[in-house]
Amino acid sequence: VEKIPGKRDDESYAAHRYPVKPAAESEPPPNSQLHNLPPDVAHFKGRGAVETALLDALKRSGGTQAITALKGIGGIGKSALAVRVAWRLTAHYPAAQILVNLRGTDADPLTPRAAMEDVIRRFEPDAMLPDNDEAVAERYRGILTHHKSLLILDNARDNAQVQTLLPPSPSAAI
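Fair warning: this is a prediction, and the values are worked out from it, not measured in the lab.

Please give an account of helix α5 (residues 133-146) that cites residues and values.
The terminal C-alpha atoms of α5, which comprises 14 residues, lie 20 Å apart, in line with the 20 Å expected from a rise of 1.5 Å per residue. Restricting attention to buried positions, one finds in α5 the residues Val136, Ala137, Tyr140, Ile143 and Leu144. The arc enclosing the buried residues of α5, seen along the axis, measures out at 125°, which places them on a common side. Across from the buried face of α5, at angles greater than 90 degrees, the exposed residues are Glu138 and His146. Elements that come into contact with the buried residues of α5 comprise α4 (112-123) and β3 (149-154). Among the residues of α5, the N-terminal cap falls to Asn132, whose side-chain oxygen and the backbone nitrogen of Glu134 are separated by 2.7 Å.

Would you mind going over the packing of helix α2 (residues 48-58) against helix α3 (residues 78-88) in detail, with residue names and values included?
Between α2 and α3, the least distance of the axes is 10 Å, while the angle of their chain directions is 50°. Judged on the interaxial angle alone, α3 and α2 are oblique. Crossing handedness for the pair α2 and α3: right-handed. Contacts between α2 and α3 involve Val50, Glu51, Leu54, Leu55 and Leu58 from the first element and Leu81, Arg84, Val85 and Arg88 from the second. For the contact of α2 with α3, the class distribution of residues is six nonpolar, no polar and three charged.

Go over the nonpolar core with me, naming the residues and quoting the values.
Grouped together as the largest cluster of nonpolar side chains are 23 residues, with contacts concentrated most on Ile98, Val100, Leu102, Val119, Phe123, Tyr140 and Leu153. Looking at this core, the elements that each hand over two or more residues are β2 (96-101), α4, α5 and β3. Once residues within four sequence positions are removed from consideration, Phe123 is found in contact with Leu34, Ala96, Ile98, Ile143, Leu144, His147 and Ser149. Formed by 16 residues, the second largest nonpolar core is a distinct cluster that contains Val83, Val85, Ala86 and Ile174.

Before we move on, could you go through unusual backbone geometry and cite the residues and values that matter?
The amide bond that connects Ser169 to the next residue, Pro170, takes the cis arrangement and shows omega of 15°. Assignment of secondary structure puts Pro170 in the loop between α6 (159-163) and β4 (172-173). Of note, Arg103 is a non-glycine position whose phi angle comes to about 50°, a positive value. For Arg103, the position within the fold is in the loop between β2 and α4. Overall, Arg103 belongs to the partly exposed group, its relative accessible area being 30%. Positive phi, normally seen in glycine, also occurs at Asn155, with a value near 60°.

Conventions used here
- Residues numbered from 1 in each chain as written.
- Predicted model: local features only at pLDDT ≥ 70, side-chain atom pairs only at ≥ 80, totals over all residues.
- Heavy atoms only, no water.
- Helix = DSSP H or I, 4+ residues; strand = E, 2+ residues; numbered from the N terminus.
- Expected span 1.5 Å × (residues − 1).
- Buried < 20%, exposed > 50% of the residue type's maximum accessible area, 1.4 Å probe, protein only.
- Arc of directions from axis to C-beta.
- Contact = heavy atoms within 4.5 Å.
- Polar contact = N/O pair within 3.5 Å; in protein donor to acceptor, adjacent residues only side chain to side chain.
- Axes fitted to C-alpha atoms, helices over the stretch in contact; angles between N-to-C directions.
- Parallel < 35°, antiparallel > 145°, perpendicular 65-115°, else oblique.
- Left-handed = near helix turned anticlockwise from the far one by under 90°.
- Nonpolar A, V, L, I, M, F, W, Y, C, P; charged D, E, K, R; others polar.
- Core = buried A, V, L, I, M, F, W, Y, C linked by side-chain atoms within 4.5 Å.

Shape is all these values report; function is a separate question.
As structure tokens, then:
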């Protein structure tokens, strides 16, 4: 891999291996509900090795479930890194790239059921959802099994909030 001037080797590698189309070349998403990523950060530095590891893990194919996690104190760029990685993988997860804010630091975080309902309604806006939590979870998993999607489960409070939201293969989550 050729070194890109002004970048560290690991950052050059990630940018070369997983390029992002400039905004002017990108087509507008056909359904913004299914493609709600915020813009990529233009000058993101210092996380090339972590970025490459995430990209490699999430680009697995052949029916392998891909789940990655970023952990750390607030304000260190976890969300920006997740968004950057998601933008680099839009072609690999064509059905949807969805950022779900779990509001884990709020007094009233999003419940797993509410997060599942949000994802379901992005695919099926008029869906009539059952009262039974397991039936909602089954529908959520069914959608993500049939629509190769990348979810960013952002601002999670804890493992329990995320556990039931982990998508089945071929979808993935950060």
